[in-house]
Amino acid sequence: MLMTARERLAREIKALAEKHGHARAALIPIVQEIKHKYRKVDDFAMQVIADQLGIHPVEVYSVVSFYAFLGSQASGKFIIRLCRTISCDMQGKERVMRQMENDLGIKFGETTSDGKFSLEWANCMGMCDQGPAMLVNEKIYTHVTPEKVHEILEECRRSFGVHATEQKEVYLV
Amino acid sequence: MSPLPTFSSMAPEAGLDRALALSRPDIIEEVKQSGLKGRGGAGFPTGMKWNFAAAAQADEKFIICNADEGEPGTFKDRVILQDHADLVFEGMTIAGKAVNAQEGIVFLRGEYTYLRPQLEAALAKRRKKGLLGKDILGSGLDFDIRIFMGAGAYICGEETALIEALEGFRGEPRNRPPFPVNTGFLGRPSVVNNVETLACAACIMQRGAAWWKAMGTEKSTGFKVFSISGDCGKPGVYEFPMGITVAQLLQEVAGVGAKAVQVGGASGLCIPASQFSRAIAFEDIPTGGSIIVFGQHRDMLDVLHNFLEFFVDESCGQCTPCRLGNGKLLEGVELLKEGKCSMAYLQELCALGDTMQIASKCGLGQSSPSAFLSVVKNFREELMGRTYSQV
C-alpha cells in the first residue's frame, strides 16, 4: 500500500474512533465501517484501531476473525451470500449455487479476478418461507432460481463501473 | 392484510400511556400475572426477569432487545420489526420504566442490515413525538433507544454472548450466574428480551393480564408467532395460541401428510408423524417459533447433515463438548450416509450427544444434539445399513 493510502486509512480510523468513542465497545462498529468501505481489515488497519482503543492488535484480530461478516476474505465489490440452511437447501439452493459458479467462473469462497464479485455461503438469513434466498451486499433477493441468476448479476454490473447505466450502487441501498 | 392480527389491532401507544401512569411494581406485577414467557425459545418468565433487574442496585441499567434471530427456520422477528417496530419500541420503553433503565439497545443481526434505515426512521419519529428521549410524554421518564449491528454470528443470540459482542469482544457466552439481570452490559443490570417478548409486553400493558391469560394453556399463556417453512402449501408467519397441536398447525398451513416436523429450529426436536397430536407449548414441545415441515420424500440424514454443518460452523469453539462433539456427530452422519456405521458406534454417538447436553457451557451445545438424538430415536429403520445406491 502507498504511504499516502495508509495515512488516509489511519486518519479515517481516528475519525471513526472520535465518532464511536475510544472505549472497547466501539471496536465492532469501527471495524464494520472500515470493512464496509474497504472490503477488508488488514494488519495495518488492525494496528491503528488497536492504538486508538488502547488494546493489543491481537485483540482486534481475535474479534475480526470471530465474526463471519468481519473476518470474511470476500473482497469483491459485490459480495454474494447464498443461504445454505435447511429451508433454502430444500428449496433448491444447490442449483442456484451451480449456476452462480458457472456464470462467474469461480467457486464459492473465491473472488472474480476483476474484483467485482465474491461468492460466499451464509447461514440462515431469515427468509425461509421465500427461499432460496441470498444477500448481495445488503440487498436481499428471494425465490432465486438458476434462471434469475444471470439477471441479478447483470443488475450488479449495470450499477457499477465506467459503463454503469444506473445511478444507485446496489450496495448503497 | 397484515399477517399478525393481534399486533395490528393494537391502539398505538395505549400500553405505554397506561404504563406511564402505573408505578414500577404494578407494571411488573401485571406482566407477572400474565404469565408471559420469553419468546426466543428459552421460555424464562418475563415478569421475573424484569423484577430481578428492577431489584438490582446500580447507577445505570439497560434494556436490550435481542433481534439476532438466527435459528434456522425463524423469521418472525424480521416480520415483527418490519410491520410492528413501534410496538417493540413501546415494549422497550415500558420495560425501561419498569426496571428504571435509561438506555435501550436493539441488537440487530448483520443479515438484517437492510432493515436499519426504516428502524432508525421509526426511532426518529418517536423522538419527535416525545415518545423517546427526556421526560417522555411529560411523565418524567428518560429513555432512548439505539441500534447496534451484529456481525454474523448465530451464537450472539445467546444473551451473554450478545453482551460480549456489545462490549466489543468475541461472542463467547459467559458463565451464568451472574445473570445479565445483575451483571450485564458493562457490568450493569441488563434485561435481554426477544423482539416478540417486548411486543407482547406492550400488548399486555394495553389489554391487561386477564386478556392474555385467556389464550393458550395454563402454563404457556397467550399466543405465539410462528415462522413456518418447508414442504407445506402456505409457508409464512402465523399467529396461533400456545398449546396448538402439530396436526392442527399442519392443517392451517396446508402441510398435511408430512413425514416429520422440526419444532424449534435446528436446535429443536424432530417430531415424527406418530406424535403429531402433541402440543406446542413450554410444557410439551418448547419452541422459539420455528416450524420446518418435511415431506415424505425427504431423507432425514440429509436434514441432519445440514443441521450439523450449521452447528460446526456456528459453534464459538470455547468449550470442548460443543466444539468437538458437533464435528463428531457430523462425521457420524456421513458414516451413516455411506452405510458404514455400526450399531455400537451409533450408540456411542448417542451417548456423546447426551454428554454434550449436560456438559456444554451454553444453550447452543446443550441443544445442538437434540435433532440428532430425536432422528435416531424416531427414524432408526431409515438410518441403518444403507447401500451406496442410496447415498
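Calculation rules
Residues numbered from 1 in each chain as written. Chains lettered and ligands numbered in written order. Predicted model: local features only at pLDDT ≥ 70, side-chain atom pairs only at ≥ 80, totals over all residues. Heavy atoms only, no water. Helix = DSSP H or I, 4+ residues; strand = E, 2+ residues; numbered from the N terminus. Buried < 20%, exposed > 50% of the residue type's maximum accessible area, 1.4 Å probe, protein only. Contact = heavy atoms within 4.5 Å. Areas by Shrake-Rupley, 256 points an atom, 1.4 Å probe, with all protein chains shown as cover. Lys, Arg positive; Asp, Glu negative; His and termini not counted. Charge placed at Lys NZ, Arg CZ, Asp CG, Glu CD. Salt bridge = Lys/Arg side-chain N within 4 Å of Asp/Glu carboxyl O. Buried area = accessible area lost by both parts, 1.4 Å probe. Domains from an automatic or database assignment. Polar contact = N/O pair within 3.5 Å; in protein donor to acceptor, adjacent residues only side chain to side chain. Nonpolar A, V, L, I, M, F, W, Y, C, P; charged D, E, K, R; others polar.

Peer 1: Would you mind showing me how to read the overall build of chain A here?
Peer 2: Within chain A, the regular secondary structure consists of 8 helices and 4 strands. The helix and strand sequence of chain A, counted from the amino end, reads α-α-α-α-α-β-α-α-β-β-β-α. By its C-alpha atoms, chain A is 50 × 40 × 25 Å across when sized along the principal axes. Counting all 173 residues of chain A, 50% fall into the buried class. Taking the intrachain contacts of chain A between residues at least 6 apart in sequence as the baseline, contacts between residues at least 24 apart amount to 60%. When the accessible surface of chain A is totalled, it reaches about 8200 Å², and 51% of it is carbon and sulfur. Side-chain charges of chain A comprise 23 positive and 23 negative groups, with the mean position of each set lying 1 Å from the other.

Peer 1: Explain the pattern of salt bridges here, please?
Peer 2: Opposite charge on two side chains permits them to pair, given that their charged atoms come into close proximity. Applying the stated criterion across every chain, the model contains 38 salt bridges over all chains. Salt-bridge contacts for E33(A) lead to K19(A); the nearest nitrogen and oxygen are separated by 2.9 Å. Taken as a pair, E33(A) in helix α2 (residues 27-38) and K19(A) in helix α1 (residues 3-20) lie far apart in primary sequence, 14 residues in all. A salt bridge links E382(B) to K259(B), with the nearest nitrogen and oxygen atoms 2.9 Å apart. Taken together, the positions of E382(B) in helix α17 (residues 380-383) and K259(B) in the loop between α11 (246-252) and β7 (260-263) put the pair 123 residues apart, joining distant regions of the chain. Through salt bridges with shared partners, one network takes in R39(B), K76(B), D77(B), E196(B) and K224(B).

Peer 1: Where do I start with the environment of I34(A) in this structure?
Peer 2: Residue and element names in this part refer to chain A. Within the secondary structure layout, I34 lies in helix α2. Each C-alpha atom of the pair I34 and A122 lies 21 Å from the other, and the pair is 88 residues apart in sequence. Every residue in contact with I34, bar those within four places of it in the chain, is listed here: L9, I13, L16, R39, K40 and V41.

Peer 1: I would appreciate a short explanation of helix α16 (residues 369-378) of chain B in the present structure.
Peer 2: Since the α-helix turns once every 3.6 residues, residues separated by three or four places project in the same direction. With 8 of its 10 residues buried, α16(B) lies for the most part within the structure. Inspection of α16(B) places P369(B), S370(B), A371(B), F372(B), L373(B), S374(B), V375(B) and V376(B) among the buried residues, and these make up the whole buried set.

Peer 1: I keep staring at the interface of chain A and chain B and nothing clicks. Help me out?
Peer 2: Interfaces are often sized by the amount of accessible area the parts lose when they come together. Contacts between the two partners involve 31 residues from chain A and, on the opposite side, 46 residues from chain B. Of the roughly 3000 Å² buried where chain A meets chain B, counting both sides, 61% is carbon and sulfur surface. Where chain A touches chain B, the interface holds 2 salt bridges. Linking D129(A) and R78(B) is a salt bridge whose minimum nitrogen-to-oxygen distance equals 3.7 Å.

Peer 1: Could you clarify how one ought to interpret the domain arrangement of chain B in this entry?
Peer 2: Residues and elements named next belong to chain B. Each assigned domain of chain B is listed with its residue range as follows: domain 1 (5-213), domain 2 (223-294) and domain 3 (302-390). With 11 residues of domain 1 at the contact, the number on the domain 3 side is 8 residues. The largest share of the area that domain 1 buries against domain 3 comes from Y154, I155 and P173, three residues that together contribute 53% of it. Summed over the shared surface of domain 1 and domain 3, the result is 0 salt bridges. Here domain 1 and domain 3 share 3 residue pairs in polar contact (both at pLDDT 80 or more) between them. Class assignment of the residues belonging to the side of domain 1 that touches domain 3 gives a composition of 5 nonpolar, 3 polar and 3 charged.

Peer 1: Can you walk me through helix α8 (residues 159-166) of chain B in this structure?
Peer 2: Burial of α8(B) is extensive: 8 of the 8 residues sit out of reach of the surface. Along its buried surface, α8(B) packs onto α2 of chain A together with α4 (46-55), β1 (62-67), β2 (103-108), β3 (144-149) and β4 (190-194) of chain B. Note on α8(B): the residue one or two positions beyond its end, G168(B), has a positive phi of about 95°.

Peer 1: Before we go on, may I ask you to explain the environment of D68(B) in this structure?
Peer 2: All names here are of chain B. Secondary-structure assignment places D68 in the loop between β1 and α5 (76-83). Given a relative accessible area of 9%, D68 falls into the buried group. The spacing of D68 and M149 is 81 residues in sequence and 9.2 Å in space, taken between C-alpha atoms. If we skip the residues at most four places from it in the chain, D68 touches F107, R109, A153, Y154, C156 and G157. At 3.0 Å, the side chain of D68 forms a polar contact with the backbone nitrogen of G157.

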